[in-house]
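# Tertiary structure, described
For reference, the chains in residue letters:
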Amino acid sequence: DAEITQSPRHKITETGRQVTLACHQTWNHNNMFWYRQDLGHGLRLIHYSYGVHDTNKGEVSDGYSVSRSNTEDLPLTLESAASSQTSVYFCASSGTGSGSYEQYFGPGTRLTVT
Amino acid sequence: GENVEQHPSTLSVQEGDSAVIKCTYSDSASNYFPWYKQELGKRPQLIIDIRSNVGEKKDQRIAVTLNKTAKHFSLHITETQPEDSAVYFCAPGGNEKLTFGTGTRLTIIP
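Rules and cut-offs
- Residues numbered from 1 in each chain as written.
- Chains lettered and ligands numbered in written order.
- Predicted model: local features only at pLDDT ≥ 70, side-chain atom pairs only at ≥ 80, totals over all residues.
- Heavy atoms only, no water.
- Core = buried A, V, L, I, M, F, W, Y, C linked by side-chain atoms within 4.5 Å.
- Buried < 20%, exposed > 50% of the residue type's maximum accessible area, 1.4 Å probe, protein only.
- Helix = DSSP H or I, 4+ residues; strand = E, 2+ residues; numbered from the N terminus.
- Contact = heavy atoms within 4.5 Å.
- Pairing = 2+ DSSP bridges.
- Axes fitted to C-alpha atoms, helices over the stretch in contact; angles between N-to-C directions.
- Polar contact = N/O pair within 3.5 Å; in protein donor to acceptor, adjacent residues only side chain to side chain.

### Focus on the nonpolar core
Counting 22 residues, the largest nonpolar core has Trp35(B), Phe73(B), Leu75(B), Tyr88(B) and Leu106(B) as the members making the most contacts within it. Residue assignment for this core shows that the elements contributing at least two residues are strand S2 (10–14), strand S3 (19–25), strand S4 (32–38), strand S5 (45–51), strand S7 (62–67), strand S8 (72–77), strand S9 (86–90) and strand S12 (104–109) of chain B. In terms of residue count, the dominant contributor to this core is S3(B) (4 residues). Ignoring anything within four residues of it in the chain, the contact list for Leu75(B) reads Ala19(B), Val20(B), Ile21(B), Trp35(B), Ile47(B), Ile48(B), Ala63(B) and Tyr88(B). Ranked by size, the runner-up nonpolar core spans 18 residues in total, among them Val19(A), Cys23(A), Met32(A) and Ala81(A).

Quick look at the structure:
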């Protein structure tokens, strides 16, 4: 069965360190998204990609970067982790041309920056 | 960008009663209107969606209604059950990008 996975599921890191969160999907979806979820803010879009070598900034992109070298993966990098980036991170993917923009979410990564 | 407001932020209803959650949005170009459900500690999952050329859609106990002129759409859950307790998010969008509301925590009282 097709799926979307994230790793690690939990991560504790120190302020200033570079951190990369992995997202891998086997749906063969063109579109991939990264969100962060914080109490009172719902899901906020960090970066998204509509295909290989395409990346776009979302509403809270400062301090984050992504790259899309293949269809299956969209890793999220925190260049220099800050305590404000402590959050739960969700990756999602969706297909194109189906008439629905349904996004399938990964299980999430809980990141703590100390 | 899209501004999304979702009301109420919390809702408690007796088991068997109905629940209604409303979402207002600002971007008239939005043409896709989904609702996601997120149980505690789990990932969000789509429960129902509607396109802008349709006014209402129903799937068993849940329904979504859209008023495109007024830029709002609502989630209706009838005959609520304990398993309906969760956080619900609206996420209007277009061009395959969604903007999520801040969520409604629904609690079903047995």
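### Details of the sheet that holds S3(B)
All names here are of chain B. The antiparallel open sheet is built from 5 strands, whose spatial order is S1-S3-S8-S7-S6. This sheet does not close on itself; its edge strands, each paired only once, are strand S1 (4–7) and strand S6 (56–59). The sheet shows a mean angle of 15 degrees between the axes of neighbouring strands, direction not considered. As defined by bridge partners, S3 adjoins S8 across 6 bridges and the pair is classed as antiparallel. In the sheet register, Lys22 faces S8, and the bridge partner there is Ser74.

### Focus on the sheet that holds strand S8 (residues 76–78) of chain A
Residue and element names in this part refer to chain A. Pairing is antiparallel across the open sheet formed by 4 strands, whose spatial order is S1-S3-S8-S7. Edge positions in the open sheet fall to strand S1 (4–7) and strand S7 (64–66), since each of these has one partner strand only. Across this sheet, the average inter-strand angle for adjacent strands is 20 degrees, counted without regard to direction.

### Quick look at the side chain of Gln25(A)
Mapping Gln25(A) onto the fold places it in strand S3 (residues 19–25). A polar contact is formed between the side chain of Gln25(A) and the backbone oxygen of His29(A), at a distance of 2.9 Å.

In short, geometric facts, not functional conclusions.
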